[in-house]
Amino acid sequence: MFEVITFGSATQDIFLELTKTEINGSNFCLPLGGKVLVDEMQTFSGGGGTNVACSLANLGIKTAYCGKIGNDDPGKNILSDLAKYKVNPRFCLRDKTIATAVSFIISCEKDRTVLVFWGACHFLLKSEINFKEIQKTKWFYLAPFYEKTAELFGELIDFARNNNIKVAANPSMFQIEKEDQNINSLLPKIDLLLLNKEEAKVLTKNPNASVEETAKIIRRSCPGIIVITQGDDGALVFDSSHFYKISIYKVAVADKTGAGDSFGAGFLAGLLKENNIEYACCLAMVNSAKNISQEGAKNGLLEKAELKFLPKIDIVKERAF
Ligand SMILES: Nc1ncnc2c1ncn2[C@@H]1O[C@H](COP(=O)(O)OP(=O)(O)OP(=O)(O)O)[C@@H](O)[C@H]1O
Ligand SMILES: [Mg+2]
């Protein structure tokens, strides 16, 4: 029996730092036919499904990852990270024909651009999932889905409902923008909905609403806990009666990749451990801050042993009505 099975991407993340590259407005300029010096390069495993799984397991939650990698070296690296963090890999398939997905994260001082190569994790099929065995869990965590895998979102949520499994979901902008994904019709079946501010605004089709109003609009169809992250402005959590406005835990940011994943994993771990929203807010905030203080989406994550010494996080609790 697992506490959580996570679903979503499993990638190789290649970080390229280009400090001397020219920037024109909001675009990187790379000279056609030229050579550009890369100041620093690092490679880590990434992808929402495995990031969240490793983060949860690091906090002592019994976790498995269900997804797909290629039969290649990047796939091996992902398996070795799952082993390192003690995530059960029994539902992680190796596709013989599709390569592991890769993200190239190109950054300069100002910001970063991500080049995405869709690979095995984006083409998971319903027929490849061992539904009999994935019943044995308390929660599903659906990290952002893309491409073919996105078609499984509704299937997995319905399966969870029919089998008494709770659902945490962090749908991607890809899923929210695609009308045929029908996210709105699935909101009533989600127990913990995690979105960033941009995703929440697109979902509600109300770009001018405040974040509190946005959460209230989502509440009309989603009875679960609603979390809207706002980058360095912190996050807003809405349960059925209160808003929790959480301030960030200040750190020197090294790399924001995986912030949403470590926030979501911390929040769910907090709920599982103490069934208390303020504790969940605190774990989410500290986990995400520690994570982005290091390069790589799985580095810096909060460990179980650190839970005894959590820093104080500012949370303002207000009645919503
Ligand atoms: N500069 C920062 N300092 C401290 N914490 C931060 C900072 N930026 C983000 N965070 C933490 O990470 C959380 C998630 O960030 P954000 O809202 O940018 O998620 P996201 O857009 O989903 O990220 P991702 O690119 O990983 O999908 C924030 O709510 C906050 O807790
Ligand atoms: Mg996100």
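Quick caveat, the model's predicted, so the values are computed rather than measured.

(A) Structural detail: the nonpolar core. Core analysis: the largest hydrophobic core is formed by 43 residues, its most contacted members being I134, F140, L142 and L156. Sort the elements by how many residues they give to this core and helix α4 (residues 152-162) lands first, with six residues. With sequence-adjacent residues up to four places away left out, F140 is seen in contact with I5, F7, I134, L156, F159, A160, I165, K166, V167 and A168. Judged by nonpolar contacts, the second largest core, of 35 residues, contains L194, V237, F263 and V286.

(B) Looking closely at the packing of helix α9 (residues 259-274) against helix α10 (residues 277-292). Orientation of α9 relative to α10, taken along the N-to-C sense of each, is 150 degrees, at an axis distance of 7 Å. α9 and α10 meet at a crossing whose hand is right-handed. Residue-level inspection shows A259, S262, F263, A265, G266, F267, A269, G270, L271, K273 and E274 of α9 in contact with α10, the latter providing I277, Y279, A280, C281, L283, A284, M285, N287, S288, N291 and I292. Taken together, the residues of the contact of α9 with α10 sort by class into 14 nonpolar, six polar and two charged.

(C) The site of ligand 1, seen in detail. N196, T229, G231, K256 and M285 are the nearest of the 19 residues found near ligand 1. At a separation of 2.9 Å, an oxygen atom of ligand 1 approaches a polar side-chain atom of N196. Between an oxygen atom of ligand 1 and a side-chain N or O atom of S288, the distance comes to 3.1 Å. Here ligand 1 has 630 Å² of accessible area as a free molecule, and 85% of this is covered by the chains. Elements supplying a minimum of two residues to the shell around ligand 1: α9 and α10.

(D) Seen up close, helix α7 (residues 197-204). Buried within α7 we find E199, A200, K201, L203 and T204. Its side-chain oxygen at 3.2 Å from the backbone nitrogen of E198, N196 defines the N-terminal cap of α7. Downstream of α7 by a residue or two, K205 has a phi angle that is positive, lying close to 50 degrees.

(E) Region of interest: the environment of E128. As for its position among the elements, E128 is in the loop between β9 (112-117) and α3 (131-134). When the C-alpha positions of E128 and F91 are compared, they lie 9.5 Å apart, and in sequence the two are 37 residues distant. Once you skip the residues sitting within four places of it in the chain, E128 turns out to touch K68, L93, D95 and F123. Within polar-contact distance, the side chain of E128 engages the backbone nitrogen of L125 at 2.8 Å.

(F) Inspection of the side chain of S55 at higher detail. Along the polypeptide, S55 turns up in helix α1 (residues 48-58). The contacts of S55, once residues within four sequence positions are left out, are S262, A265, N287 and L301.

(G) Looking closely at helix α8 (residues 211-219). Every buried residue of α8 is listed here: V211, T214, A215, I217, I218 and R219. Turning to α8, the residues buried within the fold contact β12 (192-196), α7, β13 (225-229), β14 (235-238) and β15 (242-246).

What counts, and at which threshold
Residues numbered from 1 in each chain as written. Chains lettered and ligands numbered in written order. Predicted model: local features only at pLDDT ≥ 70, side-chain atom pairs only at ≥ 80, totals over all residues. Heavy atoms only, no water. Core = buried A, V, L, I, M, F, W, Y, C linked by side-chain atoms within 4.5 Å. Buried < 20%, exposed > 50% of the residue type's maximum accessible area, 1.4 Å probe, protein only. Helix = DSSP H or I, 4+ residues; strand = E, 2+ residues; numbered from the N terminus. Contact = heavy atoms within 4.5 Å. Axes fitted to C-alpha atoms, helices over the stretch in contact; angles between N-to-C directions. Left-handed = near helix turned anticlockwise from the far one by under 90°. Nonpolar A, V, L, I, M, F, W, Y, C, P; charged D, E, K, R; others polar. Near = heavy atom within 4 Å. Polar contact = N/O pair within 3.5 Å; in protein donor to acceptor, adjacent residues only side chain to side chain. Areas by Shrake-Rupley, 256 points an atom, 1.4 Å probe, with all protein chains shown as cover.

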